[in-house]
Amino acid sequence: MSPHTHIELEHAMPEIDSGTRFRKWVTVLVGIAAATAGVLAFAEAEANRQKEHGLVESARDAQQIFVRLGANTQLLQFSGNATREALAVTLQGAARVRSSKPGQPRAFAIAVAQADMQASARLLAVVKQMGAVPAHTSGLDPRTADAVRSSVASAKALLAKQNAAAEAADRWATRQEYTIFALGLVAIAVALAGLAGLMGVGRPGRIAAATGSIALVFAIVWSAVTFLT
Amino acid sequence: MAEAQGHETHTSSAVLLAVAAVLAAGIGAYAAAVGDEGSDRWHDAVRAEIKYGAGVIEDTRFVYQEIAPQAFQVISATVQGQELSRQARRARDPSVRALLQGEAGAQELLGRFVAQRSGIARQPQYLRPGPTYATARRLAAERNRHPALVTLDAGEVEHEGSQLKEQSSLLFASAIPAAFAFLCGALAHGFGTWRRRLLPLGFALCAASLILALIVELSF
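Bear in mind that the values here come from a model prediction, so they are computed numbers and not experimental data.

Participant: How would you summarise the overall build of chain A if you had to cite specific residues and measurements?
Facilitator: Counting secondary structure elements, chain A contains 6 helices and 0 strands. Order of helices (α) and strands (β) in chain A, N terminus to C terminus: α-α-α-α-α-α. On C-alpha atoms alone, chain A measures out to a radius of gyration of 39 Å, which is more than a quarter above the 17 Å that the 2.2 N^0.38 rule sets for 229 residues. Considering only C-alpha atoms, chain A reaches an extent of 140 × 35 × 25 Å along its principal axes. For chain A, with 229 residues in total, the buried portion stands at 41%. Residue pairs in contact within chain A that sit at least 24 positions apart in sequence constitute 77% of those at least 6 positions apart.

Participant: Got a sec to walk through the overall build of chain B? Specific residues and values, please.
Facilitator: Helices and strands together make up the secondary structure of chain B, namely 7 helices and 2 strands. In chain B, the succession of α and β elements from N to C terminus is α-α-β-β-α-α-α-α-α. The C-alpha radius of gyration computed for chain B amounts to 39 Å, which surpasses the reference 17 Å derived for 220 residues by more than 25%, pointing to a less compact arrangement than a globule. Projected onto its principal axes, the C-alpha positions of chain B cover 135 × 25 × 20 Å.

Participant: Pulling in residues and values, what's your account of the interface of chain B and chain A?
Facilitator: How large an interface is tends to be reported as the accessible area lost when its parts come together. Contacts between the two partners involve 71 residues from chain B, matched on the other side by 64 residues from chain A. Mapped onto the side of chain B that touches chain A, the elements with two or more residues apiece are α1 (2–90), α2 (94–118), β2 (132–133), α3 (135–143), α5 (154–174) and α6 (176–190) of chain B. When residues in the side of chain B that touches chain A are grouped by element, the largest group, 29 residues, is from α1(B). Taken together, the residues that form the side of chain B that touches chain A break down as 40 nonpolar, 21 polar and 10 charged.

Participant: I'd like a rundown of α6(B), residues and numbers included.
Facilitator: Here α6(B) spans 21 Å end to end across 15 residues, near enough to the 21 Å set by a 1.5 Å rise per residue. Burial of α6(B) is extensive: 15 of the 15 residues sit out of reach of the surface.

Participant: Can you break down unusual backbone geometry residue by residue, with the values?
Facilitator: Glycine aside, negative phi is the norm for most residues, and most peptide bonds take the trans geometry. Residue Gly130(B) is joined to Pro131(B) through a cis peptide bond whose omega torsion reads -5°. Mapped onto the secondary structure, Pro131(B) falls in the loop between β1 (127–128) and β2.

Participant: Just give me the short version of the nonpolar core, but keep the residues and values in it.
Facilitator: Among the nonpolar cores identified, the biggest contains 121 residues, and Ala178(B), Ala179(B) and Phe182(B) are the most heavily contacted of them. No other element matches the 27 residues that helix α2 (residues 17–98) of chain A contributes to this core. The contacts of Ala178(B), once residues within four sequence positions are left out, are Gly38(A), Ala20(B), Leu23(B), Ala24(B), Ile27(B), Leu205(B), Cys206(B) and Ser209(B).

Participant: Describe the packing of α2(A) against helix α5 (residues 152–199) of chain A, and please don't skip the residues or the numbers.
Facilitator: Residue and element names in this part refer to chain A. Orientation of α2 relative to α5, taken along the N-to-C sense of each, is 160°, at an axis distance of 6 Å. For the element pair α2 / α5, the angle class is roughly antiparallel. The crossing of α2 and α5 is left-handed. For the contact of α2 with α5, a count of residues per class yields 29 nonpolar, 11 polar and 7 charged.

Participant: Any details on the confidence of the model for chain B? Residues and values, ideally.
Facilitator: Residues and elements named next belong to chain B. Considering every residue of chain B, the mean pLDDT works out to 93; 96% of them sit at 70 or more. Within chain B, no element has a lower average pLDDT than β1, which sits at 90, and none a higher one than α5, at 97. Among the prediction metrics, the complex's ipTM stands at 0.85, with pTM recorded as 0.84.

Participant: Got a sec to walk through the environment of Val46(B)? Specific residues and values, please.
Facilitator: The topology assignment puts Val46(B) in helix α1. Measuring from C-alpha to C-alpha, the distance between Val46(B) and Ala154(B) comes to 6.8 Å, with 108 residues separating the pair along the chain. The contacts of Val46(B), once residues within four sequence positions are left out, are Val56(A), Ala59(A) and Arg60(A).

Rules behind the numbers
Residues numbered from 1 in each chain as written. Chains lettered and ligands numbered in written order. Predicted model: local features only at pLDDT ≥ 70, side-chain atom pairs only at ≥ 80, totals over all residues. Helix = DSSP H or I, 4+ residues; strand = E, 2+ residues; numbered from the N terminus. Rg over C-alpha atoms; globule rule 2.2 N^0.38 Å. Buried ≥ 20, exposed ≤ 12 C-beta atoms within 10 Å, placed from the backbone. Contact = placed C-beta atoms within 7 Å. Nonpolar A, V, L, I, M, F, W, Y, C, P; charged D, E, K, R; others polar. Expected span 1.5 Å × (residues − 1). Core = buried A, V, L, I, M, F, W, Y, C linked by C-beta atoms within 7 Å. Axes fitted to C-alpha atoms, helices over the stretch in contact; angles between N-to-C directions. Parallel < 35°, antiparallel > 145°, perpendicular 65-115°, else oblique. Left-handed = near helix turned anticlockwise from the far one by under 90°. pLDDT = per-residue confidence, 0-100.

Here is the structure:
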């Protein structure tokens, strides 16, 4: 045999086959664990990104719902109060006529009632004008205009969006937590592989390597199920 | 010589493992820092949304609960005064006319008093002929008293955070080839027959990882 020919140790010495196979086992375990850790780190980062995005969207949508309801309520409250005041003006005139006694100037009561009725109609129109917020009011930022003009129906649509964002955040949070657990299993697998390497071929080493392999396979299956369901 | 070659190959495996580990750790650390910055921007977006919303609520409350009712009171008295004056002009009985004129004068005076005491008179540009009151324009003026609050754009801040978070995720993804390079290094150590193919592949994966990370960094 030429001294330059490269030969594998296991081919030259068949009696150490088991030791070589054990070494291969451990190196495969460590290598796959490292590759799995790389993929899981990305999966965890992505799950965290989606979860945080869902939470941020959910928080912003919730805030917008309250602002829209709050801003619109101010306008509705003013319009309601002003409408009641305008209607009360008519009632005041009518009451004055009905309560006028003989000897009192009935013509005056009728004239005041007519004036009140005309004033009431004009005031109702004023309430409508004052309560209007055109979509493009000069100087008013569109988001404030939208908030004041919003309705319960539009808030419902935003509420559906907020709920969807919260549910997405919840789903991705579960995936992130499961991925962290899988990363923990990978770390255990690597530690057991290192321990198996130190123990060497033999019963304790094989038990450590087998346990590490099971942990690694479980981590991979667990992660796959988590992201595919 | 074969021993020397084997030693050199084992050293190459160790170098590959070290390079892959350092590269993956480095890219991972940078990706984590970028992701953290993205999270900060997202939290800023929520803060901006709350601040903006608080401004909207306070300004609408002030305009529709403080200003508008007072303006309506002024308009109500003025309109009632105008209608009473009209009835006074139509009245044939002098005593009724005098009473109506007195009532009209009282209403008009009430309107002026309320306008002066409430401050509505100090900003006559919102009182319009009719009379009516430009409430929406008054709200715009109130909002624009604090332009920094109006220009707060939580959506834009959130977008900045989203960009950073996407960059972070892609950086983590670009570390995956380095993790597979580590797998090549480990297999090269355990499987001598594949070593000559695995080592170049491992170094190529390391280079790919680095290039991908640089592309991601330059793209954002």
